[in-house]
Amino acid sequence: MADAKVIPFDDDRSRARRRPGGRADGEAAAVRALPGPQQGPQEPEEGREGPAPGTAGEAAGGDVGAGGGTAAGAEAGAGGWERRLAGGLAFLRRRITGDYEVDEFGYDEELTDQVLMSLLRPLYEKYFRVEVKGVENIPAEGGALIVANHSGTLPLDGLMMQVAVHDHHPAGRHLRLLAADLVFVLPVVNELARKAGHTLACAEDAERLLRSGEIVGVMPEGFKGIGKPFGERYKLQRFGRGGFVSTALRAGVPIVPCSIVGAEEIYPMVGNAKTLARVLGLPYFPLTPTFPWLGPLGALPLPTKWTIQFGEPIPTDSYAPEAAEDPMLMFNLTDQVREQIQHTLYKLLVQRRSVFF
């Protein structure tokens, strides 16, 4: 299999926006060129009266019109399947020949749009039934740092946040998540994370992404948040030393607080097998009402109802460059972001009718 082309990170081509299911210009042209039954304007036969232009909608109410509509619908459906099949074959051909692009971090935009988002979307739409609020608070262009709470035993909240930005933002933005070291040492997970645009949670990578105009997501609670006991649900843990604030200040991008409700209950963590976690090299080994007692079935998350709300952005471009070295300013901004997320969590919990509905 040929290798993909690695393009410079700041190349405009690598940041071309695609809506879900969208195709590149060349691919669309190839699909339009497929042979198939074409419909066009027909000349009425001589001596035979045809319907006047604009009366097709009126004829649809009659028998002949209904029959014609059915045939046209079937023909359009067949053409749709042909286009999807042609698009799928073209996608496979590009993967086999290596005729696709990745950036310097390994992000594969086409694979993310066409495959990874399609795999996550049923979980997002049908299983967790995610409701998104305030997505317009994410800038339509330029960099921004989204800071969210972290929970749920497994990091599904980050993936659902990525789908929310990908599918609901008016400008079709893509979210680049900062992930822990553990993600990049796990086989298979490492490759998928890179392809989906995730990168190591370090200040250098985050700042470079932000300066390049990308939307970056970070969850400062880390393992303290995702692995906290069920009894402490929706209580934010420490946000570290404010490294994310320093990064936003250096890049001069706004900070967008994000509150996620629903993830806390997918795996109610009632215990932690610390000895087993140390043996396996994990930060924790969760014990839930179903896992590990029910085996693989216990790993199935509970179908809770989620809400993801993006808050008002906090601007940072008015601060001087040396502000990133001011510990008091970083502490104040970190506390401001944390309090805004916590307040929104409480508000969403009060508004929630049920964990599952």
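Analysis parameters
- Residues numbered from 1 in each chain as written.
- Predicted model: local features only at pLDDT ≥ 70, side-chain atom pairs only at ≥ 80, totals over all residues.
- Heavy atoms only, no water.
- Helix = DSSP H or I, 4+ residues; strand = E, 2+ residues; numbered from the N terminus.
- Buried < 20%, exposed > 50% of the residue type's maximum accessible area, 1.4 Å probe, protein only.
- Contact = heavy atoms within 4.5 Å.
- Areas by Shrake-Rupley, 256 points an atom, 1.4 Å probe, with all protein chains shown as cover.
- Core = buried A, V, L, I, M, F, W, Y, C linked by side-chain atoms within 4.5 Å.
- Pairing = 2+ DSSP bridges.
- Salt bridge = Lys/Arg side-chain N within 4 Å of Asp/Glu carboxyl O.
- Patch = residues over 30% accessible without salt bridge, like charges linked within 9 Å, V, L, I, M, F, W, Y side chains within 5 Å.
- Axes fitted to C-alpha atoms, helices over the stretch in contact; angles between N-to-C directions.

Enquirer: Explain the overall build of the chain here, please?
Expert: From N to C terminus, the chain includes eleven helices and eleven strands. Within the chain, the proportion of its 357 residues that are buried is 42%. Taking contacts inside the chain between residues at least 6 apart in sequence as the whole, the part at least 24 apart equals 79%. For the chain, the exposed area adds up to about 19,300 Å²; of that, 59% sits on carbon and sulfur atoms.

Enquirer: Explanation requested: the nonpolar core in the structure shown.
Expert: Within soluble globular proteins, side chains that are nonpolar generally end up buried alongside one another. Counting residues in each nonpolar core, the largest one holds 30 residues, and the members touching the most others are Leu-145, Val-147, Phe-244 and Val-337. Elements with a contribution of two residues or more to this core: strand 4 (144-148), helix 7 (203-211), strand 7 (215-218), helix 9 (243-251), strand 8 (255-261) and helix 11 (327-351). The leading source of residues in this core is helix 11, at seven residues. Residue contacts for Val-147: discarding those within four places in its chain leaves Val-218, Pro-220, Phe-239, Phe-244, Ile-255, Val-256, Pro-257, Cys-258, Val-337 and Ile-341. In terms of nonpolar packing, the next biggest core, distinct from the first, is built from 29 residues, Ile-138, Val-165, Leu-175 and Trp-306 among them.

Enquirer: I tried to follow the pairing of strand 7 on my own but got confused; where do I start?
Expert: Looking along a regular strand, one sees the side chains alternate between the two faces of the sheet. Burial along strand 7 is two-sided: the residues Ile-215 and Gly-217 and Val-216 and Val-218 are all buried. Relative to strand 7, strand 5 (residues 175-179) runs parallel, the two sharing three bridges. Across the sheet, residue Leu-175 finds its bridge partner in strand 7, namely Ile-215.

Enquirer: How should I be thinking about the pattern of salt bridges in this particular structure?
Expert: If charged atoms from side chains of opposite charge come close, those side chains can pair. Within this structure, the stated rule accounts for twelve salt bridges. With a closest N to O distance of 3.8 Å, Lys-305 and Glu-131 form a salt bridge. Pair noted here: Lys-305 is in the loop between strand 10 (286-287) and strand 11 (307-310) and Glu-131 is in strand 3 (residues 131-133), with a separation of 174 residues, a long-range link. Glu-131 gets classed as partly exposed once you look at its relative accessible area, which sits at 36%. A salt bridge links Arg-352 to Glu-265; its shortest N-O distance comes to 3.1 Å.

Enquirer: So what exactly am I meant to see when it comes to a nonpolar patch on the surface here?
Expert: Taken together, the side chains of Leu-85, Leu-89, Leu-92 and Ile-96 define a hydrophobic patch exposed on the protein surface, amounting to about 410 Å² of accessible area. Classification of Leu-92 as partly exposed rests on a relative accessible area of 47%.

Enquirer: For this particular structure, what's the right way to read the sheet that holds strand 6 (residues 199-200)?
Expert: Sheet strands pair by backbone hydrogen bonding; their relative direction is either parallel or antiparallel. Here we have seven strands laid out as an open sheet, ordered 3-11-8-4-7-5-6, and mixed in their pairing. Looking along the sheet, the strands with just one partner apiece sit at the ends: strand 3 and strand 6. Of the strands in this sheet, strand 3, strand 4, strand 5, strand 8 and strand 11 are in contact with helix 5 (residues 156-168), which crosses strand 5 at around 165°. Set on the sheet, helix 9 makes contact with strand 4, strand 7 and strand 8; between it and strand 4 the angle comes to about 165°.

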